[in-house]
Amino acid sequence: MNSLIWTVIILTVLGCILALVLSLVARRFHVVEDPRIDAIEKALPGANCGGCGFAGCRAFSDAAVKAGNLDGRYCPVGGTPVMREVAAILGVQTEEKAPQVAVVRCNGSFANRPRVNDYDGLKSCKVKAALYAGDTHCPFGCVGCGDCVAACAFGALSLNAETGLPVVDEQKCTACGKCVQACPKHVMELRNKGPRGLRVFVSCINKDKGAVARKACAAACIGCGKCAKVCAHEAITVQDNVAYIDFTKCRLCKKCVAECPTGAIHAVNFPVLPKKEEEKKDE
Amino acid sequence: MGGVHPDDSKFARESRIEVLGVPQKVFVSMSQHLGAPAKPVVAVGDFVKTGQLLAEPGGFISACIHSPVSGTVKSVAPRKDLAGNMAMHVEIEVLGDLWEDSIDLSTKLIKDIPEDREAILQKIKDGGVVGLGGATFPTHVKLNPPPGKTAECLIINGAECEPFLTSDYRMMLEHPQEIVVGAAIMQKVLHACPCVIAIEENKPEAIAAMQKAVADLAYPDIRVAVLRKRYPQGGEKQLIDAVMHRQIPSGGLPVDVGAVVQNIMTAFAVYEAVQKNKPLISNVLTVTGDGVPANMQHNYLFRIGVPFSYIIEQAGGVPENTAKIVSGGPMMGKAFANLEATTVKGSSAVLYLSAERTRRKAEGPCIRCGRCADACPMGLEPFLLNRLAKAGDTQELENAAVQDCIECGCCLYSCPAQIPLLDRIRPAKAQVLGIIKSRNVKK
Amino acid sequence: MTDRYLVSPSPHIHAKASTDSLMRDVLIALLPVTVAAILFYGWSELLVLGVSLLSCALLEWAIAKWMMHDVRIANVPSALVTGLLLALNLPATAPWWVVFAGAVFAIGITKMSFGGLGQNIFNPAIAARVFLLVSFPKQMTVWAAPNGFLPVTDAISGATLLGKYNEGGMEALRALGYPGNHALFFDMGGSVGEISAGLLLLGFAYLLLRKVVKPWIPLSIFATIALISGIFHGVAPDTYTGPVLNLLAGGVILGACFMATDYVTSPMSAWGGVIYGAGIGFIVMMIRYFGSYPEGMSFAILIMNCFVPLIDRAFHQKKYGRG
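Residues numbered from 1 in each chain as written. Chains lettered and ligands numbered in written order. Predicted model: local features only at pLDDT ≥ 70, side-chain atom pairs only at ≥ 80, totals over all residues. Heavy atoms only, no water.

Asker: For the overall build of chain B, give the residues involved together with the corresponding values.
Answerer: Summing up its helical and strand segments, chain B has 14 helices and 17 strands in all. Compactness check: chain B gives a C-alpha radius of gyration of 21 Å against a globular reference of 22 Å for 443 residues, within 12% of the reference. In terms of principal-axis extent, the alpha carbons of chain B reach across some 65 × 50 × 50 Å. Counting all 443 residues of chain B, 61% fall into the buried class. (Helix = DSSP H or I, 4+ residues; strand = E, 2+ residues; numbered from the N terminus. Rg over C-alpha atoms; globule rule 2.2 N^0.38 Å. Buried < 20%, exposed > 50% of the residue type's maximum accessible area, 1.4 Å probe, protein only.)

In structure tokens:
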């Protein structure tokens, strides 16, 4: 019985002493932090995806508070609503950006782009792209090892087993830009989501001459320039045998889509018209 | 230290060197050497003779390129190399075989070496000679160490440690005297430093032939050294360690420890360039593979610029059961993505590999057996580098000396779990080298 | 070019050894002693072996399939090695449910819960043996006299030599005629795998020949044991057992050659292996001389397993061109 009492007493005293030490140490080494850092971090999505260019949401908040402004600091995941909140905390203005989404600029499905050899190394786009031009005759397009899928922190990307191409889940994509960085072929692009998700883009970046590009892939942009001619808004430029649609100028008239001889231009989320081909609105 | 012992597989060792013909068209690449691509000096429609200058060096580290055939220049345009990437090529339609007049085509051995060191260097440079051991580093640059550094030993690399390859071996058997003269020329350029011809112990006939040639020609201070058989014995760093017992510091050059290494074929090319005025327009290449019938195993003297598809056709076509075709040896060679690609100065083999021999198996978990670390000739720990590369920790990668990796492939070769170690380490090494470089620039 | 060929980064060839072939080599190396064990201990031993091998292999596969949802994690050859080592670490009289419990502990707890092959900290067979030893001490220390298909005359039944020593000191050993009339090869009661030092060393020689393992760890263990027991025995021969008995008795050879050398739970560098081996040898001798257990090989290996990450951190091989 005696020993029990002693045990209790010793432990209690020990606990008290240690608690005292702990609290003293905590006070002695207390780091004074601007409360706005916590506030901003709380306002941010907390995904720590690095899409803003900082190591995480905390680093973003820290940098923003230190600088006292939001120049060049934008959270693509939270978008304008979150950035307004952050701006309010800091008492500054933020730039208004249209919501964006990642798009896959490659039509090179197994059906469109015949395979001419079999890659047998590590399943990594980075390794494969550094090794050689790829397993098709198109040296520009997607190499299909899924580095973008691995890079996506939001589960918005997946490889379609039938086409071999990555597919973006618009609902989940936050436009953080990780896939754009991960893709060694620069196939991924961040584009404005468009009103009601409507958007038109050239799903090809093949810079080979038309005949070569077409031989490599049935749905390649052959740089014929028909789309640029038909476009009434000067949104389309053809450079290095490949067309590009400027999403800030495009008015979604879809004339180019109808004009494209290879079907390289995709119009997404438009209501299905009876005469439209099914394939052009997938993805 | 380190190294692996793959099956020798030198099936083509008994095949004499045959002279390969030329097709109707050849394509001469402008990127055949380490460094800047060469700049074409011919125009479409020009008639060129065999051995005529096609392109001049595009920078300090670059080399001349000469026409391997006589004929008409049809185009100067980008064309796919063996990896399918675009590179500038000069296309020549072959007409007869008219050689430049200055070239000595006799087979007579010329033993007397020119006295003027600068003149020799100029001839090597004008001959477009590059290292034919794999790296294709311009020879005249290597033979001219920067001020303050002197060569104490010239090593002629006859190790040929890659399995399957036999071109150096055949050259040592068939042209030992020319090789020794070539070595003596380089020795002269390097201010008469000692010269060691290093050969692996598994080639006794080549050792005997070279020893006889060295004795017959009686140049001072040249000897033959016999090396233990292992891969990569012929790697520059390993060779210097084996012959001179010196190790190049990380990031350093062979000449930092007083060594200059040149390949057997390079010595031969130096001989031809200096003694015969013949630029580097041909090389010897082995056509071989596992399970390939004997009549399809060849050692060819080919004109540089002949497409691989032509060589394969002349050698009897792609054998059955071929799953992968490799340009070069099985450990460091490049797999063909495009057989229409053209031969370059450094082409050393067309290697057919069966699926059974070459197909990668599924990656298993690391069982920490340590074989990769035992195999690494640089004393690195590939299992660790693999883990760090996966994590993308460039700081730790640099601490673990990923930048010292020579990409010999021993780690991947030896891993029982079939982990693609080198596949992951290679890009990590490139990244770390980039970081080191930019840091040095800042300093 | 009509055919599609493979393209990959170099190297394009691969050594023949694979994880499975290495495991197979270990199984082959253990074959002589396993056969001997069956011959000496008979049907009961066959039952122990069968239950252990079968349950280890099945558990490995089943856990990967149904609990980890990825059959590829299962590596049945390595589970068979664990199963065989576990069986050789048990007395032939062990009831089937004890063996099964050991298999569950080895595969389920020690190996798969850490993530399967290559991820475990402790050697599964040893961890299971220790688990059984502390959970079922009675069943685990009934050493049957060899009673199998071969007639054996001078076998020891009941306690092992080390057990006698642990109970009664040198006096008890002398009563048995130690040192002297024991041919130290086929007469050791104990775990079935401890039956024959000669056959174990034969198997280990095969592993060395096939370059499956390197000799540094066992050599270091043997040297440490010989050194420590040599000193103690030399100073006080009446109190402490000598090097020969300590090397040949108990699980030293089985443990040193086949369990301390387990890739996953041992250091990767040669010098690391020497330190690790020395640690094991030291702990074994301390347990044997001063501990309450007669034998300490399992504990020694388990304890040193904990230090492997630290040892690996301290010992690296010499890098080329860096001093």
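Asker: Quick rundown of the domain arrangement of chain B? Include the residues and the values.
Answerer: Residue and element names in this part refer to chain B. Segmentation of chain B into domains returns domain 1 (9-359) and domain 2 (371-442). When domain 1 packs against domain 2, the two sides together hide about 670 Å² of surface, and 63% of this comes from carbon and sulfur. Viewed at the interface, domain 2 and domain 1 are joined by 0 salt bridges. The tally of links from domain 1 across to domain 2 stands at 3 residue pairs in polar contact (both at pLDDT 80 or more). (Domains from an automatic or database assignment. Buried area = accessible area lost by both parts, 1.4 Å probe. Salt bridge = Lys/Arg side-chain N within 4 Å of Asp/Glu carboxyl O. Polar contact = N/O pair within 3.5 Å; in protein donor to acceptor, adjacent residues only side chain to side chain.)

Asker: How would you summarise the interface of chain C and chain B if you had to cite specific residues and measurements?
Answerer: At the junction of the two partners, chain C supplies 37 residues and chain B supplies 64 residues. Summed over both sides, the interface of chain C with chain B buries roughly 4,400 Å², with 54% coming from carbon and sulfur. Interface area lost by chain C to chain B is led by His12(C), Ile13(C) and Tyr320(C), which between them contribute 21%. Remark: the boundary between chain C and chain B carries 29 residue pairs in polar contact (both at pLDDT 80 or more). Those elements that place two or more of their residues in the side of chain C that touches chain B are β1 (5-7), α1 (19-41) and α13 (297-314) of chain C. With 3 residues, β1(C) is the single largest residue contributor to the side of chain C that touches chain B. Tallied by class, residues from the side of chain C that touches chain B come to 19 nonpolar, 11 polar and 7 charged. (Contact = heavy atoms within 4.5 Å. Nonpolar A, V, L, I, M, F, W, Y, C, P; charged D, E, K, R; others polar.)

Asker: I'd like a rundown of unusual backbone geometry, residues and numbers included.
Answerer: Backbone torsion omega between Tyr231(B) and Pro232(B) reads 0°, so that peptide bond is classified as cis. Position of Pro232(B) relative to the elements: it lies in the loop between β11 (222-227) and α6 (236-244). A cis geometry characterises the amide bond from Ser10(C) onward to Pro11(C), with omega recorded as 0°. You will see that Thr136(B), though not glycine, has its phi angle at about 50°, which is positive. Secondary-structure assignment places Thr136(B) in the loop between α1 (117-126) and α2 (139-142). Look at Thr136(B) and you get buried, because its relative accessible area is 10%.

Asker: Describe in detail helix α3 (residues 76-88) of chain C, supporting the description with residues and values.
Answerer: Residues and elements named next belong to chain C. Between the first and last C-alpha of α3 there are 18 Å, a value that for 13 residues agrees with the 18 Å anticipated at 1.5 Å per step. The buried count for α3 comes to 10 of 13 residues, which makes it a mostly enclosed element. Buried residues belonging to α3 abut α1, α2 (43-67), α4 (96-111), α5 (124-135) and α11 (252-259). (Expected span 1.5 Å × (residues − 1).)

Asker: Describe in detail the packing of aromatic side chains, supporting the description with residues and values.
Answerer: All names here are of chain C. Going through the model one piece at a time under the given rule, you end up with 16 aromatic pairs over all chains. Taking 5.6 Å as the distance between ring centres and 85° as the angle between the ring planes, the aromatic pair formed by Trp61 and Trp66 counts as edge-to-face. Given the relative accessible area of 35%, Trp61 is considered partly exposed. Ring geometry for Phe204 and Phe258: centres 6.5 Å apart, planes at 80°, overall edge-to-face. You can see Phe204 sitting in helix α8 (residues 197-209) and its partner Phe258 sitting in helix α11, a full 54 residues away along the chain. Through pairs of rings, three or more aromatic residues link up here, namely Phe232, Tyr240, Tyr289 and Phe290. (Phe/Tyr/Trp six-rings, centres within 6.5 Å; stacked < 30°, edge-to-face > 60°.)

Asker: If you had to explain the pairing of strand β9 (residues 265-268) of chain A to someone new, which residues and values would you point to?
Answerer: If a strand is regular, its side chains alternate between the two faces of the sheet. All names here are of chain A. Burial along β9 is two-sided: the residues Ile265 and Ala267 and His266 and Val268 are all buried. Note: strand β6 (residues 199-202) against β9, 4 bridges, orientation antiparallel. Each residue of the ladder has a partner; that of Phe201, found in β9, is His266. (Pairing = 2+ DSSP bridges.)

Asker: Give a detailed account of the domain arrangement of chain A, specifying residues and quantitative values.
Answerer: Residue and element names in this part refer to chain A. Along its sequence, chain A is organised into domain 1 (35-90) and domain 2 (100-281). On a C-alpha basis, the centres of domain 1 and domain 2 stand 31 Å from each other. Across the contact, 6 residues belong to domain 1 and 5 residues belong to domain 2. Each partner contributes to the roughly 450 Å² buried at the junction of domain 1 and domain 2, and carbon and sulfur atoms together form 66% of this total. Among the residues domain 1 hides against domain 2, the three largest losses belong to Cys49, Pro76 and Val77. Together they make up 69% of the total. Taken together, the connections running from domain 1 to domain 2 amount to 0 salt bridges. On inspection of domain 1 and its partner domain 2, the count reaches 1 residue pair in polar contact (both at pLDDT 80 or more).

Asker: Can you tell me about the sheet that holds strand β4 (residues 47-48) of chain B, naming the residues and giving the values?
Answerer: Residue and element names in this part refer to chain B. Within the open sheet, the 4 strands sit side by side as β2-β8-β7-β4. Their pairing is antiparallel. Both edges of this open sheet fall to β2 (25-29) and β4, since each of them pairs with a single strand only. Bridge count for strand β7 (residues 71-80) against strand β8 (residues 86-94) is 9 bridges, and the pairing is antiparallel. In the sheet register, Val76 faces β8, and the bridge partner there is Val90.

Asker: Can you explain the side chain of Asn338(B)? Please cite residues and give values.
Answerer: Residues and elements named next belong to chain B. With respect to the element layout, Asn338 can be found in the loop between β16 (334-335) and β17 (349-354). Of note is the side chain of Asn338, whose polar atom sits 3.3 Å from the backbone oxygen of Lys80. Within polar-contact distance, the side chain of Asn338 engages the backbone nitrogen of Glu340 at 3.1 Å.

Asker: Residue-level account of the nonpolar core, with values.
Answerer: Of all hydrophobic cores here, the largest spans 90 residues; its most connected members are Leu30(C), Phe258(C), Tyr276(C) and Ile280(C). Here this core takes 12 residues from α1(C), the largest share from any one element. With near-sequence residues (within four places) excluded, Leu30(C) lies in contact with Leu84(C), Leu85(C), Leu88(C), Leu254(C) and Phe258(C). By size, the runner-up hydrophobic cluster in this structure holds 86 residues, among which are Val48(B), Ala184(B), Leu190(B) and Ala206(B). (Core = buried A, V, L, I, M, F, W, Y, C linked by side-chain atoms within 4.5 Å.)

Asker: Explain the sheet that holds strand β10 (residues 195-200) of chain B to me, using residue names and the numbers behind them.
Answerer: Residue and element names in this part refer to chain B. Strand order in the open sheet formed by 4 strands is β11-β10-β9-β12, and the pairing between neighbours is parallel. Every interior strand has two partners, whereas the edge strands, β11 and β12 (259-263), have only one. For this sheet, the mean angle separating the axes of adjacent strands, direction not counted, is 25°. Pairing between β10 and β11: 6 bridges, direction parallel. Counterpart to Ile197 in the pairing with β11 is Val224. Along the sheet, α6 contacts β9 (153-158), β10, β11 and β12; its crossing angle with β9, the most-contacted strand, is approximately 115°. (Axes fitted to C-alpha atoms, helices over the stretch in contact; angles between N-to-C directions.)

Asker: Break down the interface of chain C and chain A for me, citing the residues and quoting the values.
Answerer: Taken together, the contact between chain C and chain A spans 8 residues of the former and 10 residues of the latter. Summing both sides of the interface, chain C and chain A together bury roughly 790 Å²; the carbon and sulfur share of this comes to 63%. Summed over the three residues of chain C that lose the most area to chain A, namely Arg4(C), Val7(C) and Pro9(C), the buried surface amounts to 66% of that side. Applying the counting criterion to the chain C and chain A interface returns 1 salt bridge. The residue Arg4(C) makes a salt bridge to Asp118(A) at a minimum N-O spacing of 2.7 Å. When the residues that make up the side of chain C that touches chain A are grouped by side-chain class, the tally is 5 nonpolar, 1 polar and 2 charged. Pairing of strand β2 (residues 117-119) of chain A with β1(C), which is carried by 3 bridges, proceeds in the parallel orientation. Each bridged residue has a counterpart across the sheet, and for Tyr119(A) the counterpart in β1(C) is Val7(C).

Asker: Which residues make up a nonpolar patch on the surface, and what values go with them?
Answerer: On the surface, a nonpolar cluster with roughly 860 Å² of combined accessible area is contributed by Ile5(A), Trp6(A), Ile9(A), Ile10(A), Val13(A), Ile17(A), Val21(A), Val25(A) and Phe29(A). When you line up the elements, Trp6(A) lands in helix α1 (residues 2-28). (Patch = residues over 30% accessible without salt bridge, like charges linked within 9 Å, V, L, I, M, F, W, Y side chains within 5 Å. Areas by Shrake-Rupley, 256 points an atom, 1.4 Å probe, with all protein chains shown as cover.)

Asker: Let's hear about the side chain of Thr262(A): which residues, and what values?
Answerer: Residue and element names in this part refer to chain A. Looking at where Thr262 falls in the secondary structure, it is placed in the loop between α10 (255-259) and β9. From its side chain, Thr262 meets the backbone oxygen of Ala220 in a polar contact 2.7 Å long. Discounting chain neighbours no more than four positions away, the residues touching Thr262 are Arg214, Ala218, Ala219, Ala220, Cys221 and Ile222.

Asker: With reference to specific residues and values, describe the pattern of salt bridges.
Answerer: Evaluation of the coordinates by the stated rule reveals 42 salt bridges over all chains. Arg36(A) is the salt-bridge partner of Asp34(A), the closest N and O atoms lying 2.9 Å from each other. Residue class for Asp34(A) comes out partly exposed when judged on its relative accessible area of 27%. Among the residues examined, Arg36(A) registers a relative accessible area of 30% and is labelled partly exposed. Residue Arg368(B) is joined to Asp312(C) by a salt bridge in which the shortest nitrogen-to-oxygen separation is 2.9 Å. Of this pair, Arg368(B) sits in the loop between α9 (355-358) and α10 (371-375) while Asp312(C) sits in helix α13, placing the two residues on different chains. Note on accessibility: Arg368(B) and Asp312(C) belong to one class, buried. Via salt bridges that share partners, Glu33(A), Asp38(A), Glu41(A) and Arg58(A) belong to a single interconnected network.

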